[in-house]
Amino acid sequence: MQAPTAYDEKMLANYVPIYVLLPLGVVTADNVLENKDELGKQLKELRAAGVDGVMVDVWWGIVESKGPKQYDWSAYKSLFELIQECDLKIQAIISFHQCGGNIGDAVNIPIPQWVRDVGEYDPDIFYTNRAGTRNKEYLTIGVDHLPLFGGRTAIEMYSDYMKSFRENMSDLLEAGVIIDIEVGLGPAGELRYPSYPQTQGWVFPGIGEFICYDKYLKAEFKEAAARAGNPEWELPDDAGEYNDTPENTGFFKPNGTYRTEKGNFFLIWYSNRLLIHGDEILDEANKAFLGCKVKIAAKVSGIHWWYKVDNHAAELTAGYYNLHERDGYRPIARMLSRHHAILNFTCLEMKDAEQPENAKSGPQELVMQVLSGAWRENIEVAGENALSRYDATAYNQILLNVRPNGVNKNGQPKLRMYGMTYLRLSDDLLEETNFKLFKTFVRKMHADQDYCPDLKKYNHEIRPLERSKQQIPTEVLTEATKALAPFPWDKETDMKVDGAGAGQPGLLASLVNKIKSLFFK
């Protein structure tokens, strides 16, 4: 019989659970769980390394591929039971987007064919850029309330899918195996517009394009402009193309259109439309999982390029109206607060100095801003790395962001992220040298404590999901745009993977002490 694990109870309050994202095609496009034995072996390796759980995409394009409301959960049920056997928790991503076309996409899983068939005679169901190019990775938010899909609206399709998930996974939800539902709200599962699609030629660090030129969003904008007393206003025609730089466009150049009354009106409408979309789908998610012991989460994209210029062009085209004097992320956090939802952010591993100078990137400042804003709104924050990394520099940066002011040896730290998901499980991660350092990283995430299966011990007890609070008026959400300085961050983590832990001498210090003891007895 295994001896009970001993913990430092006070240090456990600093414990941050770590999950690993499974490969995109772990369930194939044909709805088959392949290589089950090999996957089981890998999952056991993760469990032995101290990993708390895994995150997995549950693709709409796989489960409801045969026809409206013809759900086939069998492959995912097998996968989840395998994960349960390996004693790992599950974060399920309800993925209403296409897999393929985004950074890191290695497989192709489109949205259901019967949905795409509607687009054959009504292509405006898809997001559209100014040139009229359609993007089929996610339905435009302009059809959220239009019954174009066999009598159902887009939001009704998403709601039915989530209800079916709950019904078919009820045993795993009740057993506390599925602990987190991340609701897909856009391309790559993120609450944003598909403003920088690689499939249409975008390359880093292009500013991207506004994506609201389908007939439904066009009509919504014209209606909003008319209500505001400016019926002559049109959608922007001077914002450039995917790979432009800001100063080469009329919209983003210094004192460009974005600084005018008309530009401000458009940016408020564009960003608010995204907020409404997220709010409405999360309300459906809350109803679908009401009473379940799960957390609801939503992902926000880490668009760090052009962050250090006045116009923040790449963020604006994606739908985040964020400027030096205007916070584009705290209103999202405030909206999430009504649904008791977690904000999941990305690019935790990135440092400014690693980015090319011409990109004017500020990933470190962006992370500080978004996390601080969410904590000010009293919601939990989780995060991911944006790109696969296996080096100490990346791990140390993640550890800094996870506990920005370090550990507290006497209990709960001042600031602590709710969890971190590492992207992703692969042969590269499990390579001996890489995996050895990763195991150290897991240990540091856990504040040098052993894996702890009891969520209560580190204040992560999951209670039955309560009904969403009352809808927050737009003007109250807008109050959250007031720019505030982020909370202070330490210069580096006190839990380095290649150095000292909290209160422990680092490897180099240990060697020095050993040499001293030999020569200076």
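Residues numbered from 1 in each chain as written. Predicted model: local features only at pLDDT ≥ 70, side-chain atom pairs only at ≥ 80, totals over all residues. Heavy atoms only, no water.

Participant: Describe the confidence of the model for the protein chain, and please don't skip the residues or the numbers.
Facilitator: In the predicted model, the protein chain carries a mean pLDDT of 94, and 94% of its residues have values of at least 70. With pLDDT under 50 throughout, residues 501-521 is counted as low confidence; its partners more than four residues away or in other chains account for 17 contacts. (pLDDT = per-residue confidence, 0-100. Contact = heavy atoms within 4.5 Å.)

Participant: An account of unusual backbone geometry is needed here, citing residue identities and associated values.
Facilitator: In this structure, the amide linkage connecting phenylalanine 204 to the following residue, proline 205, adopts the cis form with an omega of 5°. Residue arginine 424 is bonded to the preceding leucine 423 through a cis peptide linkage, with omega at -10°. On the secondary structure map, arginine 424 appears in the loop between strand S10 (419-423) and helix H14 (427-430). Despite not being glycine, lysine 360 has its phi angle at roughly 50°, a positive value. By secondary structure assignment, the location of lysine 360 is in the loop between strand S8 (341-345) and helix H12 (363-376). (Helix = DSSP H or I, 4+ residues; strand = E, 2+ residues; numbered from the N terminus.)

Participant: Please give an account of the packing of aromatic side chains that cites residues and values.
Facilitator: For the structure shown, the criterion picks out 42 aromatic pairs. Their ring planes at 80° and their centres at 5.8 Å tell us that tryptophan 60 and phenylalanine 96 sit as a pair that is edge-to-face. Separated by 36 residues along the polypeptide, tryptophan 60 in helix H3 (residues 60-63) and phenylalanine 96 in the loop between strand S3 (89-95) and helix H5 (113-121) bring together distant segments of the chain. On the accessibility criterion, phenylalanine 96 (1% relative accessible area) is buried. The ring centre of tyrosine 451 lies 3.5 Å from the NZ or CZ of arginine 47, which sits over that ring. When the ring centre of phenylalanine 487 is taken as origin, the NZ or CZ atom of arginine 376, which lies over that ring, is 4.5 Å away. (Phe/Tyr/Trp six-rings, centres within 6.5 Å; stacked < 30°, edge-to-face > 60°. Buried < 20%, exposed > 50% of the residue type's maximum accessible area, 1.4 Å probe, protein only. Lys NZ or Arg CZ within 6 Å of the ring centre and 35° of its normal.)

Participant: Give a detailed account of the sheet that holds strand S9 (residues 381-384), specifying residues and quantitative values.
Facilitator: Reading around the circumference, S1-S2-S3-S6-S7-S8-S9-S10 is the order of the 8 strands in this closed barrel, with parallel pairing throughout. Between one strand and the next, the sheet's axes are offset by a mean angle of 30°, whatever the strand orientation. In this structure, S8 lies alongside S9, joined through 3 bridges in parallel fashion. Along S9, the bridge assignment pairs phenylalanine 345 with glycine 383. Packing of helix H6 (residues 154-168) onto the sheet brings it into contact with strand S2 (53-59), S3 and strand S6 (178-183), and relative to S3 it is tilted by some 155°. Docked against the sheet, helix H9 (residues 261-288) engages S6 and strand S7 (295-300), running at close to 160° with respect to S7. (Pairing = 2+ DSSP bridges. Axes fitted to C-alpha atoms, helices over the stretch in contact; angles between N-to-C directions.)

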